[in-house]
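Coordinate analysis (summary)
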Amino acid sequence: MRNKVISIEEAVNMIPDGATIMFGGFLGCGSAHKVIEALAKKGTKDLTIIGNDCGMATGPHGEEYYGMAKLVHNKQVKRVIATHVGMTPDVGTQGMVEKTLQVDLVPQGSLAEMIRAAGAGLGGVLTPTGVGTIVEDSPLCMGKQTINGKEYLLMQPVHADFAIINGHTVDKFGNVWYKGTTRNFNIVMATAADVVICEADNLVEIGDIEPENVVTSGAFVNYIVDGGNA
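Reading the values: rules and limits
Residues numbered from 1 in each chain as written. Predicted model: local features only at pLDDT ≥ 70, side-chain atom pairs only at ≥ 80, totals over all residues. Heavy atoms only, no water. Helix = DSSP H or I, 4+ residues; strand = E, 2+ residues; numbered from the N terminus. Polar contact = N/O pair within 3.5 Å; in protein donor to acceptor, adjacent residues only side chain to side chain. Contact = heavy atoms within 4.5 Å. Salt bridge = Lys/Arg side-chain N within 4 Å of Asp/Glu carboxyl O. Buried < 20%, exposed > 50% of the residue type's maximum accessible area, 1.4 Å probe, protein only. Pairing = 2+ DSSP bridges. Axes fitted to C-alpha atoms, helices over the stretch in contact; angles between N-to-C directions. Right-handed = clockwise from strand over helix to strand, strands pointing away. 1 Å grid on protein atoms, 1.4 Å probe; cavity = no way out; pocket = protein on both sides within 12 Å on 5 of 7 lines; lining within 4 Å. Points joined across faces, edges and corners; volume = space filled by probe spheres on them.

Here we come to the side chain of Gln-76. By secondary structure assignment, the location of Gln-76 is in the loop between helix 3 (69–73) and strand 6 (77–82). There is a polar contact of 3.0 Å between the side chain of Gln-76 and the backbone oxygen of Leu-39. Other than its neighbours up to four places away in sequence, Gln-76 contacts Leu-39, Ala-40, Gly-43, Thr-44, Lys-45, Asp-46, Leu-47, Lys-70 and Leu-71.

Our focus in this paragraph is the pattern of salt bridges. Enumeration over the complete set of coordinates arrives at seven salt bridges. Note that Glu-205 and Lys-172 form a salt bridge whose closest N and O atoms lie 2.8 Å from each other. You can see Glu-205 sitting in the loop between strand 13 (193–204) and strand 14 (223–226) and its partner Lys-172 sitting in the loop between strand 11 (160–171) and strand 12 (176–177), a full 33 residues away along the chain. Assessed through its relative accessible area of 31%, Lys-172 is described here as partly exposed. One network of salt bridges, in which partners are shared, links Glu-136, Lys-144 and Glu-151.

As a further point, take the side chain of Thr-48. Its place among the elements puts Thr-48 in strand 3 (residues 47–50). You can call Thr-48 buried: its relative accessible area is 8%. Setting aside residues no more than four positions away along its own chain, Thr-48 makes contact with Ala-19, Thr-20, Ile-21, Lys-78 and Arg-79.

Our next topic: the sheet that holds strand 9 (residues 141–147). Taken together, the three strands give an open sheet; going across it, the order is 8-10-9, and neighbouring strands pair in antiparallel fashion. Edge positions in the open sheet fall to strand 8 (125–127) and strand 9, since each of these has one partner strand only. Taken over all neighbouring pairs, the strand axes of this sheet differ in orientation by 30 degrees on average, direction set aside. Relative to strand 10 (residues 150–155), strand 8 is paired through three bridges, and the arrangement is antiparallel. When the sheet's bridge partners are listed, Leu-126 is paired in strand 10 with Leu-154.

The next point concerns the environment of Val-215. Among the structural elements, Val-215 can be located in the loop between strand 13 and strand 14. Measuring from C-alpha to C-alpha, the distance between Val-215 and Gly-167 comes to 9.7 Å, with 48 residues separating the pair along the chain. Ignoring sequence-local partners within four residues, the contact set of Val-215 consists of Val-176, Trp-177, Tyr-178, Arg-183 and Ile-187.

A word on the pairing of strand 2 (residues 20–23). Here strand 2 shows two buried faces, one formed by Thr-20 and Met-22 and the other by Ile-21 and Phe-23. Pairing of strand 2 with strand 3, which is carried by three bridges, proceeds in the parallel orientation. Residue pairing for strand 3: Thr-20 is matched across the bridge by Thr-48. In this fold, strand 2 hands off to helix 2 (residues 33–42), which returns the chain to strand 3; that crossover is right-handed.

Below, the discussion takes up the layout of surface pockets. When its volume is computed, the largest pocket comes out at roughly 360 Å³. Around the largest pocket, the lining is made up of 16 residues, and of these Met-96, Val-103, Asp-104, Leu-105 and Ile-134 lie nearest the centre. Only helix 4 (89–97) and strand 7 (102–105) provide two or more residues apiece to the lining of the largest pocket. In terms of residue count, helix 4 provides more of the lining of the largest pocket than any other element does, five residues in total.

Quick look at the pairing of strand 14 now. Where strand 1 (residues 5–6) lies against strand 14, two bridges are found, and the strand directions are parallel. Within the sheet, the bridge partner assigned to Ile-6 lies in strand 14 and is Val-225.

See the structure below:
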């Protein structure tokens, strides 16, 4: 079996400028913080980032630029696809004032389904959410469909070059168990990228996770980074 465990440096070095990256997490909960920090330090630029949000300007312990907010603050990002960005003022400044950042907002449930559709090989998502709103003008919206007299938006599937996910307990094959709500976007993102890198809070041996507790199969995970929190 191929060894999937790599260093953080090896992980970030395989991500080029201009890459499209999905980041799991919900306001930093369930995000791969150590990989994000390494990307911020490396200065990888012109990124398109996809996530529920862009982290927070202030973290839960008072830290500055929590989660993906580091990348935005450093101006390493050229495009954001997210569901809300209100906790990261830099997104508003760069997107609306400086006009240096493209921001595409879509409803939260729609984004989850759009990612899931890419992972399942589907051609799009039909949803009534956003009909009659500015969502219709999104570059991710492919128009309207009327079905049985009801209007729906046809939203594109969302795929990425890389998905950077986080798991509480991960074995050396890449099987993942998530703790509590850290499941959030990590599960669907693991299916919808060319390369999936999982940051493990606790890296364990194969067999240490009961089969019925595996949430994301290691078949979806290309590389594992030891987060060192054991």
